[in-house]
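Next come the chains, spelled out residue by residue.
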Amino acid sequence: MRVALSGASGFIGSHLRKRFENCVVINRDDSEEDIAQKLKDVDVVINLAGASVVQKWDEEYKKELLSSRVDTTRKIVNAINQSAVKQLISASAIGVYPDNKPCDESCEEFADDFLSNMVQKWEAEARKCEKTTTILRFGVVLGADGGAFGTMLPTFKMGLGGTVGNGTMMTSWIDIEDLMRVFEFVMDKELSGVFNAVSPNPITNFAYTKAIGKALFRPTFFPLPLIVAKMLFGEGVIVLTGSKEIYPKALQKSGFEFDYPDINSSLKHLLGQN
């Protein structure tokens, strides 16, 4: 099975490149014609295109966030529809869901903010694909070599980690190894529809923080005040402070089993403590 990948230089993309060593790389500045040429002999396209949300959002950057997802996905889908590609797996985000409400894929209520509206437009472009289409809504992806966890790991190792604000917000997460297995699972079974790529055990930011401290044998006494977070990230602070309690009902119903279903097993894996 030959895979083409957009967003190949990112944290998740780098892990997928190791999984699919001969994958074709789709660049953000490729034209629709360029992409169509690259899709010859490709079976599955994995679309991860999108500028990082963990940045300070101003009006200009919000335009980049939207364009890098919606416009790029539109080009990819148009190219796929002219090709012999069998399946599109398109990234999305649990930021589409409302805060402080337990949700699985059947939830029809969405948040009313920039992030959610962007995700809905992003998914709408993916749904224009005429081939088998799988939308994976990512939670916080945990990996020691990148993403939010990898970035903050040195701070926690120095004993300077802490909660975001009061730590009451829910965090829905997934171990990077389980996410790689999710990609393989939906490919092998040729699944279509929306799937929440999160573990079955979301936790509060407080519990998440304490679990990291315990695994590292380090204190976690230094919270990130919300006022500082807002100064650093602007409107993008909702990525850190949003309270998302999301469950992977569709994945589990399809038969997927998590190797790292709880935060302690994931941390042992990521920190090499197994």
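A. Spotlight on the overall build of the protein. Per the secondary structure count, the protein includes 11 helices and 10 strands. Overall, the C-alpha framework of the protein stretches about 55 × 45 × 35 Å when taken along its three principal axes. Here the protein holds 274 residues, and 52% of them are scored as buried. For the protein, restricting intrachain contacts to residue pairs at least 6 apart in sequence, the fraction spanning at least 24 positions comes to 80%.

B. Spotlight on the pattern of salt bridges. According to the stated counting rule, one finds 16 salt bridges in the structure shown. Where Arg74 meets Asp71, a salt bridge forms, and the shortest distance between an N and an O atom there is 3.1 Å. With Arg74 and Asp71 both in helix 3 (residues 59-80), this residue pair falls three residues apart, about one helical turn. When the shortest N-O distance is used, the salt bridge between Arg127 and Glu123 registers 3.4 Å. The partly exposed category is assigned to Arg127, whose relative accessible area is 47%.

C. Spotlight on the packing of helix 3 against helix 4 (residues 114-126). In the contact formed by helix 3 and helix 4, the axes pass within 8 Å of each other and the chain directions differ by 10°. Comparing their axes, helix 4 and helix 3 come out roughly parallel. The segment helix 3 lies against helix 4, with Lys62, Leu65, Leu66, Arg69, Val70, Thr73, Arg74 and Val77 engaging Phe114, Met118, Lys121, Trp122, Glu125 and Ala126. Here the contact of helix 3 with helix 4 is built from residues that sort into eight nonpolar, one polar and five charged.

D. Structural detail: the environment of Met1. Mapped onto the elements of the fold, Met1 is located in the segment before strand 1 (3-6). We classify Met1 as exposed; its relative accessible area is 63%. For the pair Met1 and Asp58, spaced 57 residues apart in sequence, the C-alpha to C-alpha distance is 41 Å. Apart from residues no more than four positions distant in its own chain, Met1 is found in contact with Asp43, Val44 and Met187.

E. Geometry of a nonpolar patch on the surface. There is a patch of nonpolar side chains on the surface, built from Met158, Leu160, Phe221 and Phe222 and spanning about 480 Å² of accessible area. Within the secondary structure, Phe222 is located in the loop between helix 7 (205-216) and helix 8 (226-233).

F. Quick peek at the side chain of Glu123. Here Glu123 lies in helix 4. For Glu123, a relative accessible area of 4% puts it in the buried group. One polar contact links Glu123 to Arg137, side chain to side chain, over a distance of 2.7 Å. Excluding anything up to four places from it in sequence, Glu123 contacts Ser92, Ile135 and Arg137.

G. The arrangement of the nonpolar core in detail. With 47 residues, the main nonpolar core has Ile12, Leu16, Ile46, Leu48, Phe138, Leu179 and Phe183 as its most contacted residues. With eight residues, helix 6 (residues 176-188) is the single largest residue contributor to this core. Setting aside chain neighbours within four positions, we find Leu48 in contact with Leu5, Ser6, Gly7, Ile12, Gly13, Leu16, Ala91, Phe138 and Phe183.

Conventions and cut-offs
- Residues numbered from 1 in each chain as written.
- Predicted model: local features only at pLDDT ≥ 70, side-chain atom pairs only at ≥ 80, totals over all residues.
- Heavy atoms only, no water.
- Helix = DSSP H or I, 4+ residues; strand = E, 2+ residues; numbered from the N terminus.
- Buried < 20%, exposed > 50% of the residue type's maximum accessible area, 1.4 Å probe, protein only.
- Contact = heavy atoms within 4.5 Å.
- Salt bridge = Lys/Arg side-chain N within 4 Å of Asp/Glu carboxyl O.
- Axes fitted to C-alpha atoms, helices over the stretch in contact; angles between N-to-C directions.
- Parallel < 35°, antiparallel > 145°, perpendicular 65-115°, else oblique.
- Nonpolar A, V, L, I, M, F, W, Y, C, P; charged D, E, K, R; others polar.
- Patch = residues over 30% accessible without salt bridge, like charges linked within 9 Å, V, L, I, M, F, W, Y side chains within 5 Å.
- Areas by Shrake-Rupley, 256 points an atom, 1.4 Å probe, with all protein chains shown as cover.
- Polar contact = N/O pair within 3.5 Å; in protein donor to acceptor, adjacent residues only side chain to side chain.
- Core = buried A, V, L, I, M, F, W, Y, C linked by side-chain atoms within 4.5 Å.

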